[in-house]
Amino acid sequence: MQRLGIIGSGRIGSAVARLAVAAEIHVVVANSRGPESLADFIAELGLLASAGSVRDAAEAGDLVLLSVPLTAYAAIPTEGLQGKTMLDTSNYYPFRDGRVPQLDSHGVTTSELVQAHFDGVPLVKAFNNIMSHHIPQLARPVGAADRSALPIASDDEVAKAEAAALIDRIGFDTVDVGLLVDSWKFEPESDAYTQLYLADPDTPMERMPEAPSAPVPATKLQAALARAGRVRVADRKF
Ligand SMILES: NC(=O)c1ccc[n+]([C@@H]2O[C@H](COP(=O)([O-])OP(=O)(O)OC[C@H]3O[C@@H](n4cnc5c(N)ncnc54)[C@H](OP(=O)(O)O)[C@@H]3O)[C@@H](O)[C@H]2O)c1
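Keep in mind that this is a model prediction, so the values were computed, not measured.

Parameters at a glance
Residues numbered from 1 in each chain as written. Predicted model: local features only at pLDDT ≥ 70, side-chain atom pairs only at ≥ 80, totals over all residues. Helix = DSSP H or I, 4+ residues; strand = E, 2+ residues; numbered from the N terminus. Rg over C-alpha atoms; globule rule 2.2 N^0.38 Å. Buried ≥ 20, exposed ≤ 12 C-beta atoms within 10 Å, placed from the backbone. Contact = placed C-beta atoms within 7 Å. Expected span 1.5 Å × (residues − 1). Near = placed C-beta within 6 Å. Nonpolar A, V, L, I, M, F, W, Y, C, P; charged D, E, K, R; others polar. Pairing = 2+ DSSP bridges. Axes fitted to C-alpha atoms, helices over the stretch in contact; angles between N-to-C directions.

Caption draft 1: Region of the structure containing the overall build of the protein chain. Counting secondary structure elements, the protein chain contains nine helices and eight strands. In summary, the protein chain has a C-alpha radius of gyration of 17 Å against a globular reference of 18 Å for 238 residues, a match within 12%. Seen through its principal axes, the protein chain has C-alpha atoms that stretch 40 × 40 × 35 Å. The burial tally for the protein chain puts 45% of its 238 residues in the buried class. When contacts within the protein chain are restricted to residue pairs at least 6 apart in sequence, long-range pairs at least 24 apart make up 66% of them.

See below:
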């Protein structure tokens, strides 16, 4: 995999873009405001990066990272994505995204909802259970003793393997959680969600955006996933 399209250049998209270019992967980055708005970021990333339209990012990548708010995915055109593997970082926060009945009823998981829009484009849920500032803190080279693991899920085994290879190359092991229907196991408030990567697990919510991380090996992530009970999304107030 030589090229990664990135749709959404916010906290997660930019963190993954930095790791990708550090791993010598070409990135084409898109956001909602257009390529000109990305000039400073592309200059920071260097020669392996360019800015483009959403379509440019979709067409350029062997894989494409989708990292936009849940309210925005349905506005992303599917053109240019056929034959690509898409990594989806989406989470559902009702206070931010509004209530989504299919999610509140557990009719689908968040990534199943997104997958339905990108029909025919295999989607892998990834990078949704780690806070953006922990991504650069915890990335390690292949073989490092203190490597962390991230969960992935997909209905397409080939796509899942491609995503795992990308994630490995940019700094993390992966744990295969199964199908998208299983991906509630690492959605918000689950045991395998963002708090797992905190150095201090008792960090109060308001301090989490700056709180330091500690490595989470695959065994620790697997144990958290095994403990997971499904959170009642309809009861969530945030
Ligand atoms: N932040 C975290 O720590 C974190 C952790 C795990 C998962 N997540 C999830 O990952 C997703 C992205 O989160 P984030 O925090 O990275 O978001 P963010 O910082 O708000 O960035 C969102 C990005 O999406 C772009 N965007 C919005 N609508 C678009 C459209 N129609 N076409 C193209 N680009 C569009 C925005 O463009 P502009 O820059 O032009 O506004 C922005 O670059 C969310 O579902 C979030 O819940 C976030």
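Let's pick the thread back up.
Caption draft 2: Focus on helix H8 (residues 157-170). Look at H8: 20 Å from first C-alpha to last across 14 residues, which is about the 20 Å you get at 1.5 Å a residue. Among the residues making up H8, those that are buried are Ala159, Lys160, Glu162, Ala163, Ala164, Leu166, Ile167 and Ile170. The inward-facing, buried residues of H8 contact helix H1 (11-22), strand S4 (63-66), strand S5 (85-88), strand S6 (123-125), strand S7 (149-154) and strand S8 (173-178). Gly171 lies just past H8 and shows a positive phi near 135 degrees.

Caption draft 3: Representation of the site of the ligand within the structure. Residues in contact with the ligand amount to 25 residues; listed here are only the nearest, Gly8, Gly10, Asn31, Ala72 and Asn91. Examining the composition of the shell around the ligand, we find that three residues originate from one element, H1, more than from any other. For the shell around the ligand, the per-class residue count stands at 11 nonpolar, 12 polar and two charged.

Caption draft 4: Inspection of helix H6 (residues 110-117) at higher detail. For H6, the buried fraction is high: six of the eight residues fall into the buried class. Considered for burial, the residues of H6 that qualify are Thr110, Ser111, Glu112, Leu113, Val114 and Gln115.

Caption draft 5: Spotlight on the sheet that holds S4. Taking strand neighbours across the sheet as the criterion, the eight strands line up as S3-S2-S1-S4-S5-S6-S7-S8 in an open arrangement whose pairing is mixed. Whereas interior strands pair on both sides, the edge strands pair on one side only; in this sheet they are strand S3 (49-51) and S8. Each strand of the sheet is rotated relative to its neighbour by a mean of 25 degrees, with strand direction disregarded. Packed onto the sheet, helix H9 (residues 218-227) meets S7 and S8 and runs at close to 20 degrees relative to S8.

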